[in-house]
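Coordinate inspection notes
So the chains spell out like this:
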Protein chains: 2
Amino acid sequence: MSILEYDDVMSLRVALLGLLTYAGPASGYDLTKAFERSINYVWQAGHSQIYPELAKMAADGLITVEAQGTRGRKTYTITREGSDELRRWLTEHTPSGPVRSERALQAFLLPLLEPSDALTVLRRVEADATARLRELEELFASARDLGAEPGNVGDFALDLGIKNTRTTVAWARAAAETIEATTRTAGDGGTGAPSGE
Amino acid sequence: MSILEYDDVMSLRVALLGLLTYAGPASGYDLTKAFERSINYVWQAGHSQIYPELAKMAADGLITVEAQGTRGRKTYTITREGSDELRRWLTEHTPSGPVRSERALQAFLLPLLEPSDALTVLRRVEADATARLRELEELFASARDLGAEPGNVGDFALDLGIKNTRTTVAWARAAAETIEATTRTAGDGGTGAPSGE
DNA sequence: AGCAAACATGTAGAAGATGACATGTCTAGC
DNA sequence: GCTAGACATGTCATCTTCTACATGTTTGCT
């Protein structure tokens, strides 16, 4: 009765509730580290955002401070209310949130460049995505090596990340081919507006 | 000198410079409409964000007010400096910006749900992505019908959007199969933490 | 003449995110 | 005994974005 409206964002809240569910009681410090290691591919937050949010969540009854350890350490535990909230978000919230992608913005504006410049950009995109793909596939392989079975937290996200990165590589190649074809036919092509006049 | 540092974000600036390059001189009102129609799939901004940004860009010399029309209309034109800035961003800036995706966050936390709930979520994801795919493919088809050749502003982004959406559909199907397989083998599976205790 | 709809531009306040600043504790090694 | 590094928590200023408020003009229809 109060927190039950999440037409608004609250993704950070959900991410923290998820980590607390998966990894058990943890401090703000632990959660910050966990963010860096795991959820970082999907959502980013620094400690300066996490600490205040934890305080608010505690005030809202979604988590409680179970223990105060040494060095001022506060160990948070998820409450029943917090679990319900997380479950509700996962099952009922349709992710509609703004899809803001610098990559896609660059893709959008690519035809404004001269073909040769556009090709340079696309080659860099392809190289970056290929490197990232290797990175993600290593993560995937090391998870399998440790004998973990698929279905752990992060596994589906990792799969999604790998598939999306492969798509980016394929896109960059196709776009480069299109531009090369255009150049061959038109001799010039491209609007070239922002290039040297 | 001075504006040449874009380690910071400035994606909105770039988007506006791109639209001014592509569509020629335009007012804040025009640009707001153009955002809704075209770039919206890639970056969102309302007039309350666009007007102040245009004022700052004019102050920075990236654009100028060419004409003051009726109804207080201001028509902005991109300057040489603005063109250079756009070109520099497109060719030199590596999109590293935060990749925050609610969809991926949901994917990340999916294993926390009971298998049956997870399957419900995945079916909804698949349905949403399929609908969106149809939408994008219609956009693509209508662009072709109008006799436009590939290589216009937005075309590469549209292709990227279509490919990414197809990937999402494929991912949702694969994830659902994984969960179904787990359920069959384990009888229970899933940590089910946030479900009814 | 009156009115609605589109044209057109702004401001204000709240929320989220980022990077820098600030402070202090405990442990392991020298 | 000292000191570096990990542990641990917080605040603050700034920026971006979002929703809502606020204002006024021109056109076209009735």
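Located above this text is the structure these notes cover.
First, a word on scope: everything that follows refers to the structure included in this document. Quick caveat, the model's predicted, so the values are computed rather than measured.

Turning next to the packing of helix H1 (residues 11-23) of chain B against helix H3 (residues 47-59) of chain B. Residue and element names in this part refer to chain B. Remark: H1 packs on H3, axes separated minimally by 10 Å, with the N-to-C direction vectors making an angle of 85 degrees. Here H1 is positioned roughly perpendicular relative to H3, judged by the angle of their axes. Of H3, the residues touching H1 (which contributes Leu12, Arg13 and Leu16) are Gln49, Ile50, Glu53, Leu54 and Met57. Grouping the constituent residues of the contact of H1 with H3 by class yields five nonpolar, one polar and two charged.

On to the nonpolar core. Membership of the largest hydrophobic core comes to 48 residues, with the highest contact counts inside it found for Leu16(A), Leu19(A), Ala157(A) and Phe108(B). With eight residues, helix H1 (residues 11-23) of chain A is the largest single contributor of residues to this core. Apart from the residues lying within four places of it in its own chain, the contact partners of Ala157(A) are Tyr41(A), Val42(A), Ala104(B), Ala107(B) and Phe108(B). Residues Val121(A), Ala26(B), Trp43(B) and Ala45(B) belong to the second largest nonpolar core, which totals 47 residues.

A few words now on the interface of chain B and chain A. Each side of the interface is counted separately: chain B has 61 residues, and chain A has 60 residues. Residue assignment for the side of chain B that touches chain A shows that the elements contributing at least two residues are H1, helix H4 (80-92), helix H5 (102-109), helix H6 (115-145) and helix H7 (155-186) of chain B. Among the elements that line the side of chain B that touches chain A, the one with the most residues is H7(B), at 14 residues.

The immediate surroundings of DNA strand C are formed by 25 residues, with Ser48(A), Ser27(B), Gly28(B), Tyr29(B) and Ser48(B) found nearest. Listing elements by their share of the surface near DNA strand C, those giving two or more residues are H1 and helix H3 (47-59) of chain A together with helix H2 (28-37) and H3 of chain B. For the surface near DNA strand C, the element with the highest residue contribution is H3(B), accounting for four residues. Of the residues belonging to the surface near DNA strand C, the class tally is eight nonpolar, 12 polar and five charged.

Procedures and definitions
- Residues numbered from 1 in each chain as written.
- Chains lettered and ligands numbered in written order.
- Predicted model: local features only at pLDDT ≥ 70, side-chain atom pairs only at ≥ 80, totals over all residues.
- Axes fitted to C-alpha atoms, helices over the stretch in contact; angles between N-to-C directions.
- Helix = DSSP H or I, 4+ residues; strand = E, 2+ residues; numbered from the N terminus.
- Parallel < 35°, antiparallel > 145°, perpendicular 65-115°, else oblique.
- Contact = placed C-beta atoms within 7 Å.
- Nonpolar A, V, L, I, M, F, W, Y, C, P; charged D, E, K, R; others polar.
- Core = buried A, V, L, I, M, F, W, Y, C linked by C-beta atoms within 7 Å.
- Buried ≥ 20, exposed ≤ 12 C-beta atoms within 10 Å, placed from the backbone.
- Near = placed C-beta within 6 Å.

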